[in-house]
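So the chains spell out like this:
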Amino acid sequence: QFFMLKRPNAKTKPSIHRIRAVRVGQSDLGARVPATSILRGRTVALFGCGAVGGPIALELAKAGIGELRLFDPDIVDPGPTVRWPLGRSVYGQNKTGALVRHIAANWMHANVVGHRMVIGATPDADDKYPKEGEIQLFEKLLDGVDVIFDATAEVGVQHFLSDWARARGIPFIYASATPGACGGIVARFMPGDGQGCWRCLQHALYTDKTIAEPPFADNGEILPPGCNHPTFTGASFDLVEVSLQAVRVIVRALDDRQPRPESGYAILSFDEGFGVPSWRTGSIPRNDECSCTG
Ligand SMILES: [Zn+2]
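Everything numeric here is computed off the predicted structure, so don't read it as measured data.

K.L.:
Would you take a moment to explain the pattern of salt bridges for this structure?
P.N.:
Between side chains of opposite charge, a pair can form as their charged atoms come close. For the structure shown, the criterion picks out nine salt bridges. The salt bridge involving Arg-42 is made with Asp-256; its shortest N-O contact spans 3.1 Å. Of this pair, Arg-42 sits in the loop between α2 (35-39) and β3 (43-47) while Asp-256 sits in the loop between α8 (236-254) and β11 (264-270); the two residues are 214 residues apart in sequence, bridging distant segments of the chain. Arg-257 serves as the salt-bridge partner of Asp-255, at 3.2 Å between the closest nitrogen and oxygen.

Next up, the structure:
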C-alpha cells in the first residue's frame, strides 16, 4: 500500500490518503492460468467475430494471448447481441472495434487489432487499406501469425483460408454451430502431418458421409426483419460450447511443450435428457480425389 500526502494549503490541514495497490503484471495475471505461458508471444488471426468468434476473442485475451488480429466487416446490430459478449453499450459500432476497445480496457496485455475487410471484396481505397491487390494485403495482415482461425461459418471463406494456411504451413482451425444450435464442429488442420485437408473433411461429412455430420434443426434458420440474409436460431449458452472447445483446440495447437497434435475434428451434440454436451473426435481421412493427395 502507498500513502499519499495531500499538499497542504492555507485553508486545509495536511491529510493522508491510503491508496490500495494491486498486482497487474503479466506474471500476476498469468499465475492462475497455465495456458498463459503457451499463448504469450503467440499471434492468432480470427476471422468472424460473431456468436462463435466473439467469445473466442475474449477467452483468448483472458488466457493471455500475445496478439490477436480480428477480421469482421459487420456492425453491432441489437438483435444478434442476445448471443454476443457485448450489448447495448456498443450498438452501431463495428464488431472488431467494439471488441478491441473492450479487450484493451480490461485485459491490456493482449495486443489486439481489428480489420473490417470483406474477404473476396475489393479492398477499400482509404488510408488503412491502400489500393493494392487483396492477396498482397493479406500477406501483410497475416504476416507472422501462428494460427489462422475461421469462425465465419462461410464455406467459401473456410475454403480460401484453409488453402492459404496449408500453402504456408500454418495451422488452420475452424468452428461453426449448426442451425438450431443443436450441434457444432471444431476441426484442426496441421500442415504436413499426412492427414486430409479441409476439402477432404467436407467430402467425408457431406458427400461420402463416412463421418456423421453434427446434428442440426431442419427449421433452424430464420430471416429476421431488417436482415438481408437468413440467420440460424440458437441460444448463446449452447453456441458458447463451440467457442470454448475452439479455444482449447487453439491452445493445444500452440503448445510446443507437448508433441505436436495431429489434424482432427471434434463434433458436438447435446443429449435429449439433460442437454448435456458431448463431443466425438476423430482424424481427417484423406480423399483420394482431393488435390491435397498429389
Ligand atoms: Zn484434401
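K.L.:
Please clarify how the coordination of the zinc ion should be interpreted in this entry.
P.N.:
Put simply, the ideal angle at a metal is 109.5 degrees for four donors in tetrahedral geometry and 90 or 180 degrees for six donors in octahedral geometry. The protein atoms that coordinate the zinc ion are Cys-197 (SG), Cys-200 (SG), Cys-290 (SG) and Cys-292 (SG), at distances spanning 2.2 to 2.3 Å. Seen from the zinc ion, its four donor atoms lie at angles of 102 to 121°, and the figure they make is tetrahedral.

K.L.:
What exactly am I supposed to notice about the environment of Phe-71 here?
P.N.:
Within the fold, Phe-71 resides in strand β4 (residues 67-71). The class of Phe-71 is buried, set by a relative accessible area of 3%. Along the chain, Phe-71 and Leu-58 lie 13 residues apart, while their C-alpha atoms are 14 Å from each other. Sequence-distant contacts of Phe-71, that is, excluding residues within four places in its chain, are made with Ala-45, Leu-46, Phe-47, Gly-48, Cys-49, Thr-96, His-115, Met-117, Leu-141 and Leu-142.

K.L.:
When you look at a nonpolar patch on the surface in this model, what are you seeing that I'm missing?
P.N.:
On the surface, Val-22, Val-24, Leu-29 and Met-108 cluster together into a nonpolar patch covering about 360 Å² of accessible area. By secondary structure assignment, the location of Met-108 is in the loop between α4 (95-106) and β5 (111-115). For Met-108, a relative accessible area of 44% translates into the label partly exposed.

K.L.:
It is not clear to me how the sheet that holds strand β8 (residues 183-189) should be interpreted in this structure. Could you clarify?
P.N.:
Backbone-to-backbone hydrogen bonds pair the strands of a sheet. The strands run either parallel or antiparallel. Spatially, eight strands are ordered β5-β4-β3-β6-β7-β8-β11-β12 in an open sheet, and the strand pairing comes out mixed. Edge positions in the sheet fall to β5 and β12 (277-282), since each of these pairs with one other strand and no more. Looking at each pair of strands side by side, their axes are set apart by 15° on average, direction ignored. Inspection of the sheet shows β3 paired to strand β6 (residues 147-150) by four bridges, in the parallel sense. From the neighbouring strand, Val-44 faces β6, where its bridge partner is Val-147.

K.L.:
Help me understand the environment of Ala-204, please; the structure alone is not making it clear to me.
P.N.:
Checked against the element boundaries, Ala-204 lands in helix α7 (residues 198-207). Take Ala-204: its relative accessible area is 3%, and that puts it in the buried class. Each C-alpha atom of the pair Ala-204 and Thr-81 lies 34 Å from the other, and the pair is 123 residues apart in sequence. Beyond its immediate sequence surroundings of up to four residues, Ala-204 is in contact with Lys-209, Thr-210, Ile-211 and Pro-285.

K.L.:
How do you make sense of the side chain of Thr-81 when you look at a structure like this?
P.N.:
As for its position among the elements, Thr-81 is in the loop between β4 and α4. Here Thr-81 falls in the buried class, since its relative accessible area comes to 13%.

What counts, and where the lines are drawn
- Residues numbered from 1 in each chain as written.
- Predicted model: local features only at pLDDT ≥ 70, side-chain atom pairs only at ≥ 80, totals over all residues.
- Heavy atoms only, no water.
- Salt bridge = Lys/Arg side-chain N within 4 Å of Asp/Glu carboxyl O.
- Helix = DSSP H or I, 4+ residues; strand = E, 2+ residues; numbered from the N terminus.
- Donors = N, O, S within 2.8 Å, 3.2 Å for Na, K, Ca; no water.
- Tetrahedral: all angles 85-135°; square planar, octahedral: opposite > 155°, others 65-115°.
- Buried < 20%, exposed > 50% of the residue type's maximum accessible area, 1.4 Å probe, protein only.
- Contact = heavy atoms within 4.5 Å.
- Patch = residues over 30% accessible without salt bridge, like charges linked within 9 Å, V, L, I, M, F, W, Y side chains within 5 Å.
- Areas by Shrake-Rupley, 256 points an atom, 1.4 Å probe, with all protein chains shown as cover.
- Pairing = 2+ DSSP bridges.
- Axes fitted to C-alpha atoms, helices over the stretch in contact; angles between N-to-C directions.

In short, shape yes, function no, at least from these values alone.
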